[in-house]
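So you can see what is in the structure, the chains are spelled out below.
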Amino acid sequence: MTAESTSTTGTDTGPSGGYAAARLRLLGEPFAEQTRPGPPRRAELAQLTDTWLTGLLGPRPHSPRVALVAVGGYGRGELSPRSDLDLLLLHDGTGSAAEIAALADRLWYPVWDLGIALDHSVRTLGEAHTTAANDLKVHLGLLDARHIAGDAALTTELRTALLAQWRAQAPARLPALHELGRERARRHGELPFLLEPDLKEARGGLRDATALRAVAASWIADAPRTGLEAARSTLLDIRDALHLTTGRATDRLALEDQDQVAKALGMLDADALLRRVYEAARTISYASDVTWREVGRVLRSRAARPRLRQLLGGRGGRRVNPAEQRTPLAEGVVEVDGEVVLARSARPDRDPVLPLRAAAAAAQAGLPLAMPAVHALAAGAAPLPAPWPAEAREEFITLLGAGPDTVPVWEALEAGGLIDALLPDWERVRCRPQRNPVHRWTVDRHLVETAVRASALTRRVQRPDLLLVAALLHDIGKGWPGDHSVAGETIARDMAARIGFGPADAEVLATLVRHHLLLVETATRRDLADPATIAHVATAVGSTGTLELLQALTEADALATGPAAWSTWRASLIDDLTARVAAALEEGSPSPRAVPPRATVAAERLAIEAFRTQAPVLALHTARPDPATPPTGREPGRADAAPSPDLPDGDAAGPEPVGVELVVALPDQPGVLPAVSGVLALHRLTVRSAELSSVDPAGQGEVLLLQWRVAAAYGSLPQAERLRADLVRTLDGSLDITGRLAEREAAYRRPRRRTPRTPPPRVTVAPFGSALATVIEVRAQDAPGLLHRIGRALEGAGVRVRSAHVSTLGANAVDAFYVTRPTGGPLPAEQAAQLAQDLERALAPTPDQEAAEPAG
C-alpha cells in the first residue's frame, strides 16, 4: 500500500503522517477566527479521523466479517482536540484469535504512535451484548455506536439489538443511571456554582447531557428540547478551547486557564466565560430534573397498573387513573400526580398574578412546578402592573418564605424567563460568579439562598415580609460597577416601589441593603465599648425595628455564603453589638400610649343593628380604604399603641393587605373568636388581617366588632347569609365547627413529597403591651384554621380576648391578642408566661401533621 493511495491529504508521509498534518492544520491556532471551536470543526475532525482509520483497516475479505465502530463521543461525531478515540473492533467470531489480534494491532498501534489516547475493545456480537448487560457505562457508550469501516451490516445488527435491549431493560436500568448521576454530583459538585468546574462530570455537565440522550432512546421520557442542544454545544466549545490552550486532555476549567480560554472563544474575560458555563449548565440541570421526574412518574404509573387491575378485577365502570386526580391548591392552580399545574379554567392572559400564585402554591406544598405550566405562563401571562397589586406582593413573599422548597420553584421560573419579567434588574446578577472562595454560590443563587435562610428567622422579627425581600435584594448591586451596597440601595428602593411597598417600607429595605455588612464589619473590626462605635451604627440604622431586621439579615447572609462565614464567635459579637445599639436607640424613646381602634361608619351601623337584634350581623364586600385612615394597614400588636419607634410612622404594618372586607358585629359572649375564625376556615377563606374590638354603640352595652380582610383560597366567595347561618349555629352549639374542620382535614389530607421545614411557632408576652391588658404575640406559619386553634386555646385558658390584631405577611402569621382576666386587668406575670408556653405547645405541629397536610 503506497502513501499516495492511503494519505488523506495528498502528502507523501504515509497515512499517519498525512492524518497528523491535516489534524494539525484543522486545529490550528485556537485564537484564529477560522479555527475556533464549534460543531463544524468537531464534525470535520471526526470525519478526518474516520477516513484515516478506514485506510488503516483497509479492504476486508468476506470472512471473517469485521466492523470498526466508533462509540461514545466519537460515535456521536463530536471529536474534541484531546478526546479519546473510543473504538470497538466488532467481528463475527469466525476468524482465528491470531488473525483478529493482528488486525487490532494494525489499528491500535498507529493511534498510539501519534500520541492519541485510545479506549478500545475487540468483541463479537454476543460478547458486546453480554458486556452491555453487565456494565451500564458500556451500554451507554454503545447506544451512540456509529459505523466507520468494514461490514456495515454487522454494525447495524449491533445497534438494532442494543437499542431493543436498552428499551426492554429501561425500567430497571434508568433508576441505576439516575443514581450514577447523583453519585457524580456528590463527588464533583454542581457545575453552575463551581469556580473550577469539571465540564464533564459535575452536575449539569456533559455526562448529564449524554444521560438525557439515553433516556430519550428508552422511549420512557424525553428531555425538554428548548436550549438543551445549544447548552451542550456551549460546553463542548469551551472544552475544545480548554484542550487547545492547555495542550492537555482535561475537563476541569482551572482558574489559571480561564483567561486564555475566554480569549480563545472571543469572550471579554474569565467572568464572562464562567457565566456562559453556568448558563449552559443550568439549562442541562433543569432539563435533567424535569426528565428524571417524568421518568419516575411513568415508572410509578406502570408499576401501579397491575395492582390496579388486580384490585378492580372484572368489575365494570370507568377506571380512574390516580394520575388524573386534580387537587386544588390555589385559584387557577392544582396538583396532578405530584406536580403543580394550571387548572383547566386558568387564564394566564387575564390573570397577571397567576405566575406568582402558582409558584407560591408549589413552594408551600413542597412540589415541583410542572414544565408545561411554566411554558404556559411564560408564553401567555399578562404582565404585572407597576406597582404590583397587593395579591402579587403577598404571593411573592409567600414564595420567598417557603424555605428550601423555594429553590426548585425559583429555578423553574428562571428556566421559563419569568424572573426577568418580575425583577428587571435580576439579569445583571444571574450566573455572576463570586471569586471569593468563601462564597459557595453565584450572586443570584446566593440571594435566593439568603431568602431561604431568612425564612427560618421570620419568627424573630415583626416584619418577616421586609426581611425576606431584603434577603433577596441585599447583593443586587453586584451587577453594577462601584460599591454594590451603594448601588443596591437605589435598586432596592426602586424595586420595593415596584413590588408595591409604601415609601416608608421602601426606605427600610433600602437601608437594609445599604448597610447589610454594617453589623458584621463593625462587630469584627471596631471596639464595641467605644460609644462612638455604637452611635455610628445607631445613626445608620435609625430604629430598633430596622436593627432587628438587620441582625436577622446579617445571619441569613452569612449562613448562605458558606460554612466559613458564620461561627459562634461571630454570632456572639453581633449579638453584643446589637444589644448595645438597641439600648442606645431605646434610651429616651417615648413609651407607647394607648390609641383606641377606629371603626368605620359602616361598621358602627352593623354594631347598632347587632345590639338591636341581639344577634350576629355581618357584611361582606370589596374593601375600600377609609378616607380618614392611612392607606397602609396596622401592625399586629401595635393597634392600641402609638406608631412604634421600631419602624417608620405610618408604615409600621406594611402595605394594604389583600382580600375583601368582612365585618361581623355581635353581642359580647364567650367563644366569639374561635367561632368566627372556624366558620371562615370551614368555607376556605384565608384571613389576611383582622381586628377584634368592642364598642358601645348605644351606650347601654358592649358589642364585639370584628373587621376582617379575607380571600378565597380558590373558587368564589361564599354568600354572606350562609356565613351568618353557620356562625349562628356555631354559637348556639348546633354546629360542631371543630369536629367539622377535623373531618375535612382528615378527608383531604395527602402525604407530603418533602418534610416541612418551616420554623416552629413562637409565642411571647410583649414587655410593653398595654396598661389594661396582657399582649400575647404569636408568630407562626399560616395554615387553614390557625386562628381557630389560637382562639380555642385562649378560650380554654380561661382568659378574655379584649382585642385582637391579626396580620398575614406572605405565609407568616403575625398576630397579637390583648387578653385579660375574666374580671378584667392584665394577667399576673407568671400566668402570662405560662399561657404563652401552653399556646406555643398547642400550635406546634403534631407528628401526623408533619407527615401530611390538608389538600386545600
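On a predicted model such as this, the values are computed, not experimentally measured, just so you know.

**Q** Can you break down the overall build of the protein chain residue by residue, with the values?
**A** Secondary structure summary: the protein chain contains 32 helices and 17 strands in total. Within the protein chain, the fraction of its 856 residues that count as buried is 54%. Intrachain contacts of the protein chain at a sequence separation of at least 6 include 73% that bridge at least 24 residues. Carbon and sulfur atoms provide 53% of the accessible area of the protein chain, an area that totals close to 37000 Å².

**Q** Can you lay out the environment of alanine 46 for me, pointing to particular residues and giving the numbers?
**A** Position of alanine 46 relative to the elements: it lies in helix H3 (residues 39-57). For alanine 46, the contacting residues outside a window of four places in its chain are Tyr74, Gly77 and Leu79.

**Q** Can you lay out the sheet that holds strand S11 (residues 703-712) for me, pointing to particular residues and giving the numbers?
**A** Read from one edge of the open sheet, eight strands run S8-S9-S11-S10-S15-S16-S14-S13, paired in antiparallel fashion. If you trace the sheet from one side to the other, it starts and ends with strand S8 (617-621) and strand S13 (762-765), each paired once. Put simply, the sheet's adjacent strands are angled 15 degrees from each other on average, direction ignored. Strand direction decides the pairing type here: S13 and strand S14 (residues 774-781), joined by four bridges, are antiparallel. By the bridge assignment for S14, threonine 764 is matched with glutamate 777. Lying on the sheet, helix H26 (residues 601-613) is in contact with S8, strand S9 (660-667), strand S10 (685-695) and S11; it crosses S9 at an angle near 30 degrees.

**Q** Give a description of helix H25 (residues 568-586) that names residues and reports values.
**A** Compared with the 27 Å implied by 1.5 Å per residue over 19 residues, the 27 Å span of H25 between its first and last C-alpha is a close match. Residues of H25 that are buried: Ala571, Leu573, Ile574, Leu577, Thr578, Val581 and Ala582. Here the buried residues of H25 occupy an arc of 165 degrees about the axis, which is enough to place them on one side. Pointing more than 90 degrees away from the buried face of H25 are the exposed residues Thr568 and Trp569. If you follow the buried residues of H25, they end up packed against helix H22 (518-525), helix H23 (531-541) and helix H24 (544-561).

**Q** Pulling in residues and values, what's your account of the side chain of glutamate 555?
**A** Here glutamate 555 shows up in helix H24. The residues contacting glutamate 555, other than those within four sequence positions of it, are Leu457, Arg460 and Trp566.

**Q** Please provide a residue-by-residue account of the sheet that holds strand S4 (residues 146-150), values included.
**A** Taken in spatial order, the four strands line up as S3-S2-S1-S4 in an open sheet, and their pairing is mixed. Since the sheet does not close on itself, it has two edges, and those belong to strand S3 (118-124) and S4, each with one partner. Strand-to-strand twist in this sheet, taken as the mean axis angle between neighbours without regard to direction, amounts to 25 degrees. Alignment of strand S2 (residues 85-91) against S3, held across seven bridges, turns out to be parallel. Within S3, the position partnered with histidine 91 by the bridge is threonine 124. In this fold H3 packs onto strand S1 (66-70), S2 and S4, with an angle of close to 35 degrees to the strand it touches most, S4.

**Q** Quick rundown of the packing of aromatic side chains? Include the residues and the values.
**A** The relation between two aromatic rings is expressed through the spacing of the ring centres and the mutual angle of the planes. Going through the model one piece at a time under the given rule, you end up with five aromatic pairs. Ring centres of tyrosine 109 and tryptophan 112 lie 5.1 Å apart, and the angle between their planes is 90 degrees; on these two criteria the pair is classed as edge-to-face. With a gap of three residues between them, tyrosine 109 and tryptophan 112 both fall in helix H5 (residues 97-113), about one helical turn apart. In this structure tyrosine 109 comes out as partly exposed when scored by relative accessible area, which is 44%. Here the guanidinium or amino end of arginine 167 rests over the ring plane of tryptophan 219, the centre of that ring lying 3.7 Å away. Directly above the ring of phenylalanine 501 sits arginine 393, whose terminal nitrogen or CZ lies 6.0 Å from the centroid.

**Q** Outline the side chain of asparagine 812, listing residues and values.
**A** Tracing the chain through its elements places asparagine 812 in strand S16 (residues 812-820). Side chain to side chain, asparagine 812 and arginine 459 meet in a polar contact 2.6 Å long. Ignoring anything within four residues of it in the chain, the contact list for asparagine 812 reads Thr458, Arg459, Pro464, Leu468, Ala780, Gln781, Asp782 and Ser807.

**Q** I'd like a description of the pattern of salt bridges, backed by residues and values.
**A** Under the criterion given, the structure shown has 47 salt bridges. For aspartate 237, the salt bridge is made with arginine 42, and the minimal N-O distance between the two is 2.8 Å. Pair noted here: aspartate 237 is in helix H10 (residues 228-246) and arginine 42 is in helix H3, with a separation of 195 residues, a long-range link. The exposure class of arginine 42 is buried, given its relative accessible area of 3%. When the shortest N-O distance is used, the salt bridge between arginine 357 and glutamate 391 registers 2.9 Å. Linking arginine 357 in helix H13 (residues 354-365) with glutamate 391 in helix H15 (residues 390-400), this pair joins segments that are 34 residues apart in sequence. Taking relative accessible area as the criterion, arginine 357 reaches 5% and is therefore assigned buried. Within the structure, one salt-bridge network assembled from shared partners comprises Arg76, Glu78, Asp144, Arg213, Glu229 and Arg232.

**Q** Could you give me a rundown of the confidence of the model for the protein chain, with the residues and numbers involved?
**A** Of all residues in the protein chain, 86% attain a pLDDT of 70 or more, and the chain-wide mean is 85. Per-element confidence in the protein chain ranges from a low mean pLDDT of 36 for helix H1 (residues 3-6) to a high of 97 for helix H19 (residues 464-473). Counting interchain partners and residues more than four positions distant, the pLDDT-below-50 stretch residues 316-320 has five contacts. Confidence drops under a pLDDT of 50 for residues 624-653, and excluding neighbours within four residues, the segment shows 76 contacts in the predicted structure.

**Q** Residues and numbers for the packing of helix H20 (residues 484-499) against helix H21 (residues 503-514), please.
**A** For the pair H20 and H21, interaxial distance at closest approach is 8 Å and the crossing angle is 160 degrees. The pairing of H20 with H21 is recorded here as roughly antiparallel in orientation. Note that H20 runs across H21; the crossing there is right-handed. Contact residues: Ser485, Val486, Gly488, Glu489, Ala492, Arg493 and Ala496 in H20; Ala506, Glu507, Leu509, Ala510, Val513 and Arg514 in H21.

**Q** Residues and numbers for the nonpolar core, please.
**A** Leu369, Trp388, Phe396, Trp410, Leu423, Trp426 and Leu472 are the most contacted members of the largest nonpolar core, which has 96 residues in total. Excluding anything up to four places from it in sequence, leucine 369 contacts Arg293, Val340, Ala358, Ala359, Ala362, Val374, Val409, Ala412 and Leu413. Membership of the second largest hydrophobic core comes to 47 residues, among which are Leu662, Trp708, Ile737 and Ala804.

**Q** Quick one: what's the story with helix H9 (residues 206-218), residue by residue and with numbers?
**A** Taking 1.5 Å of rise per residue, 13 residues should cover 18 Å, and H9 covers 19 Å from first to last C-alpha, within 8% of that figure. Within the sequence span of H9, burial applies to Leu206, Asp208, Ala209, Ala211, Leu212, Ala214, Val215, Ala217 and Ser218. Where H9 terminates, the next one or two residues include tryptophan 219, which has phi positive at roughly 70 degrees.

**Q** Tell me about the packing of H13 against helix H16 (residues 406-415), and name the residues and values.
**A** Running from N to C, H13 and H16 cross one another at 150 degrees; their axes reach a closest spacing of 8 Å. The orientation of H13 relative to H16 falls into the category roughly antiparallel. Seen from above, H13 lies across H16 with right-handed handedness. Residues Ala359, Ala362 and Ala363 of H13 lie in contact with H16, whose contacting residues are Thr406, Val409 and Leu413. Of the residues in the contact of H13 with H16, the class split is five nonpolar, one polar and no charged.

Conventions adopted
Residues numbered from 1 in each chain as written. Predicted model: local features only at pLDDT ≥ 70, side-chain atom pairs only at ≥ 80, totals over all residues. Heavy atoms only, no water. Helix = DSSP H or I, 4+ residues; strand = E, 2+ residues; numbered from the N terminus. Buried < 20%, exposed > 50% of the residue type's maximum accessible area, 1.4 Å probe, protein only. Contact = heavy atoms within 4.5 Å. Areas by Shrake-Rupley, 256 points an atom, 1.4 Å probe, with all protein chains shown as cover. Pairing = 2+ DSSP bridges. Axes fitted to C-alpha atoms, helices over the stretch in contact; angles between N-to-C directions. Expected span 1.5 Å × (residues − 1). Arc of directions from axis to C-beta. Phe/Tyr/Trp six-rings, centres within 6.5 Å; stacked < 30°, edge-to-face > 60°. Lys NZ or Arg CZ within 6 Å of the ring centre and 35° of its normal. Polar contact = N/O pair within 3.5 Å; in protein donor to acceptor, adjacent residues only side chain to side chain. Salt bridge = Lys/Arg side-chain N within 4 Å of Asp/Glu carboxyl O. pLDDT = per-residue confidence, 0-100. Parallel < 35°, antiparallel > 145°, perpendicular 65-115°, else oblique. Left-handed = near helix turned anticlockwise from the far one by under 90°. Core = buried A, V, L, I, M, F, W, Y, C linked by side-chain atoms within 4.5 Å. Nonpolar A, V, L, I, M, F, W, Y, C, P; charged D, E, K, R; others polar.

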